[in-house]
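This is what each chain is made of:
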Amino acid sequence: MIPAPFEYARPTTVDEALQAIAEGGEDVKVLAGGQSLIPVMRLRLAAPETVVDLGRVTELRGVREEDDAIVVGAMTTHSDVLADPLIAQYAPLVAEATATVADRQVRHRGTFGGALVHADPAGDLPAVALALDAEFVIAGPQGRRTVPAADFFVDYLTTAVEEGELLVEVRLPKLAGSWGMHYEKFNRVAQAWSIVAVAAAVRREDGHIAEARIGLTNMGPTPLRARAVEQALAGAEATQEAVAAAASHAAEGTDPSSDLNAQADYRQHLVTVLTRRAVSTAAGL
Amino acid sequence: MTRISVRVDGASYDDDVEPRTLLVHYLREQLGKVGTVVGCDTSNCGACTVHLDGEAVKSCTVFAVQADGAEVTTIEGVGQDGLHPVQKAFHEMHGLQCGYCTPGMIMASIDLLGENPDPSDDEVREGIEGNLCRCTGYQNIVRAVRHAAAEMRGDGSGPPTDGHAAPAQVDTAAAPHVVGQA
Ligand SMILES: Cc1cc2nc3c(=O)[nH]c(=O)nc-3n(C[C@H](O)[C@H](O)[C@H](O)COP(=O)(O)OP(=O)(O)OC[C@H]3O[C@@H](n4cnc5c(N)ncnc54)[C@H](O)[C@@H]3O)c2cc1C
Ligand code: FES
Ligand code: FES
């Protein structure tokens, strides 16, 4: 189908974009890569009065280094992320998860920021951002604020970005020490979303696991941290047995849905298996 | 209406479009570029794939206004003198049956080969995962893409040397147990 008619604004700076949003009327949608928004507009599940296209806001695109973090502009496309040397060096987990997103056509258009603000429970980047303790820089009429990942994902398809606001960039802290990372995604057919997926970052020290950070995809309305697993891994021996024992806690505190792909109890089983695999690989076992 | 300027397959166009016009509809209905087709309503099938500033995109999931100032290449523009090597390989290796997915398959494949000139079977399958084919079972599509890759690399005789020098012989033949049931 063809989307319903809308007013179109194409700002070139963040300030102009905020103004266009403020003046856009009741129902304003920001257009990033359009790979989630255009499909829902085509199905007329969304029919905004005004669409504010961020495509020409060049300050929102690209990755830069800033002391102890790398900063990813919201409009950086998935393919830009995959080709970026800073991401490859400091946040290989982001690249690994991004490579599993959709297909090459969608990755050419879809953006890092769009995927995070869209906050689909099956989306691959929210759990990664949560595991890496990312910080989100949000701009609004009142200026800018920074929100930690733990407070960013509020509910199903809902983030801390309020009406009238924009996600500007995401800060990924550089991790100190020797970290291994892995994203383990379970899906069944080409270009499919995750049924369940696990993002793991593990720091090893003298044959032990010193610290682990684990994000879960599609195990509830928002991405989750597997805190019980993280606690069990802190100081654990770097062995398959210890990892499996810790991973058996992965379903604790999760609240997955049942849908055509999987029942909730199956997802809770899957998450223990995928956590074991993700942590083992990240720990180099 | 919004005014856009685009170059499509080497020609320049200035047109008024409604902002809600999808790029694929602009190409087909306003420019008559009907080589690019629509196969779904959900951004899954990839039949509508074109290149936007050199990158493969699903033209049903881009507004025409987003292509303002850009260079678009459709299946109608890929062959400079006659067929593009990928088009030729799809023909020679029987990479199509009904042909509906073919324009998109070829545009996605050209994009893949730009990034990886010598993909393995698995890399071809992943590279074209955004394109669905209801006829071929993909075997000959993969062969066609690898055949084209060899041709484009200028690797001597062309076809890859791993036993895929010809289209699959058995793909369309009934398997023995099927014959037995008949
Ligand atoms: C066939 C297909 C398969 C897919 N498979 C996967 C998959 O396996 N894994 C996965 O993670 N994703 C998948 N996606 C989604 C893809 O990653 C999208 O790119 C992403 O979800 C949205 O990014 P976008 O830039 O296209 O955002 P858009 O579609 O432009 O926007 C999405 C939403 O976010 C809002 N928004 C966007 N940017 C901002 C901003 N800077 N500030 C405020 N609000 C903003 C928009 O208003 C809109 O509500 C798939 C998409 C398709 C079409
Ligand atoms: S028509 Fe199916 S993806 Fe565009
Ligand atoms: S040849 Fe018929 S859909 Fe691919």
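These numbers were taken from a predicted model, which means no experiment stands behind them. (Residues numbered from 1 in each chain as written. Chains lettered and ligands numbered in written order. Predicted model: local features only at pLDDT ≥ 70, side-chain atom pairs only at ≥ 80, totals over all residues. Heavy atoms only, no water.)

Let us now look at the overall build of chain A. The secondary structure content of chain A amounts to twelve helices and 14 strands. The C-alpha atoms of chain A give a radius of gyration of 19 Å, which matches the 19 Å a tight globule of 285 residues would have. For chain A, with 285 residues in total, the buried portion stands at 56%. Partitioning the contacts of chain A with sequence separation of at least 6, the portion at a separation of at least 24 is 62%. For chain A, the exposed area adds up to about 11900 Å²; of that, 49% sits on carbon and sulfur atoms. Averaging the locations of the 24 positively and 38 negatively charged side chains of chain A gives two centres separated by 6 Å. (Helix = DSSP H or I, 4+ residues; strand = E, 2+ residues; numbered from the N terminus. Rg over C-alpha atoms; globule rule 2.2 N^0.38 Å. Buried < 20%, exposed > 50% of the residue type's maximum accessible area, 1.4 Å probe, protein only. Contact = heavy atoms within 4.5 Å. Areas by Shrake-Rupley, 256 points an atom, 1.4 Å probe, with all protein chains shown as cover. Lys, Arg positive; Asp, Glu negative; His and termini not counted. Charge placed at Lys NZ, Arg CZ, Asp CG, Glu CD.)

With that settled, the discussion passes to the site of ligand 1. All names here are of chain A. Lining the immediate surroundings of ligand 1 are 32 residues, of which Val30, Gly34, Gln35, Leu37 and Thr111 lie closest. Lys29 is positioned such that a nitrogen or oxygen atom in its side chain is 3.5 Å from an oxygen atom of ligand 1. A distance of 3.2 Å separates an oxygen atom of ligand 1 from a polar atom in the side chain of His78. Relative to its free-state accessible area of 970 Å², ligand 1 is covered by the protein chains to the extent of 95%. With four residues, the top contributor of residues to the shell around ligand 1 is helix H7 (residues 112-118). (Near = heavy atom within 4 Å. Polar contact = N/O pair within 3.5 Å; in protein donor to acceptor, adjacent residues only side chain to side chain.)

Residues and elements named next belong to chain B. The pairing of strand E1 (residues 2-8) with strand E2 (residues 11-17) spans seven bridges and is antiparallel. When the bridges of E2 are listed, Val6 appears paired with Tyr13. Counting the residues in the hairpin turn of E1 and E2 gives two residues, including Asp9, whose phi is positive at 50 degrees. Both E1 and strand E5 (residues 71-73) contribute to a ladder of two bridges, which runs parallel. Bridge pairing in E5 links Val8 to Val72. (Pairing = 2+ DSSP bridges.)

This part takes up the nonpolar core. Residue and element names in this part refer to chain A. With 40 residues, the main nonpolar core has Val94, Leu132, Phe136, Phe152 and Leu172 as its most contacted residues. With five residues, helix H8 (residues 125-131) is the largest single contributor of residues to this core. The residues that make up this core include at least three from each of domain 2 (62-173) and domain 3 (179-282). Not counting residues up to four positions away in its chain, the partners in contact with Phe152 are Leu116, Phe136, Ile138, Val147, Thr158, Thr159, Ala160, Val161 and Leu167. (Core = buried A, V, L, I, M, F, W, Y, C linked by side-chain atoms within 4.5 Å. Domains from an automatic or database assignment.)

To continue, consider the packing of aromatic side chains. Residues and elements named next belong to chain A. Tallied over the full model, the rule gives four aromatic pairs over all chains. On the basis of an interplanar angle of 85 degrees and a centroid distance of 5.8 Å, the ring pair of Phe136 and Phe153 is categorised as edge-to-face. Placement of Phe136 in strand E6 (residues 135-140) and of Phe153 in strand E8 (residues 153-155) is noted, with a sequence separation of 17 residues between them. With respect to class, Phe136 is no different from Phe153; both count as buried. An aromatic cluster is built from Phe136, Phe152 and Phe153, whose rings are joined through pairwise contacts. A cation over a ring is seen here: Lys174 above Tyr90, with NZ or CZ 4.7 Å from the ring centre. (Phe/Tyr/Trp six-rings, centres within 6.5 Å; stacked < 30°, edge-to-face > 60°. Lys NZ or Arg CZ within 6 Å of the ring centre and 35° of its normal.)

This paragraph deals with the pattern of salt bridges. All names here are of chain A. The final tally for this structure, using the stated rule, is 30 salt bridges over all chains. Notably, a salt bridge pairs Asp124 with Lys185, separated by 2.8 Å at the nearest N-O pair. Of this pair, Asp124 sits in the loop between H7 and H8 while Lys185 is found in strand E11 (residues 179-186), placing the two residues 61 residues apart along the sequence. With relative accessibility at 16%, the residue Lys185 sits in the buried group. A salt bridge links Glu230 to Arg227; the nearest nitrogen and oxygen atoms lie 3.4 Å apart. With a gap of three residues between them, Glu230 and Arg227 both fall in helix H10 (residues 227-233), about one helical turn apart. Here the salt bridges do not stand alone but share partners, grouping Asp133, Arg203, Glu205, Glu211, Arg213, Arg225, Arg227 and Glu230 into one network. (Salt bridge = Lys/Arg side-chain N within 4 Å of Asp/Glu carboxyl O.)

We now examine the packing of helix H3 (residues 102-115) of chain B against helix H5 (residues 139-153) of chain B. All names here are of chain B. At a minimum axis distance of 11 Å, the contact between H3 and H5 shows a crossing angle of 45 degrees. By the angle between their directions, the pair H3 and H5 is classed as oblique. The way H3 lies across H5 gives a crossing that is right-handed. Counted together, Met105, Ser109 and Leu113 of H3 and Ile141, Val145, Ala148, Ala149 and Met152 of H5 form the full contact between these two elements. Among the residues forming the contact of H3 with H5, the class breakdown is seven nonpolar, one polar and no charged. (Axes fitted to C-alpha atoms, helices over the stretch in contact; angles between N-to-C directions. Parallel < 35°, antiparallel > 145°, perpendicular 65-115°, else oblique. Left-handed = near helix turned anticlockwise from the far one by under 90°. Nonpolar A, V, L, I, M, F, W, Y, C, P; charged D, E, K, R; others polar.)

What is shown is where atoms sit, not what they do.
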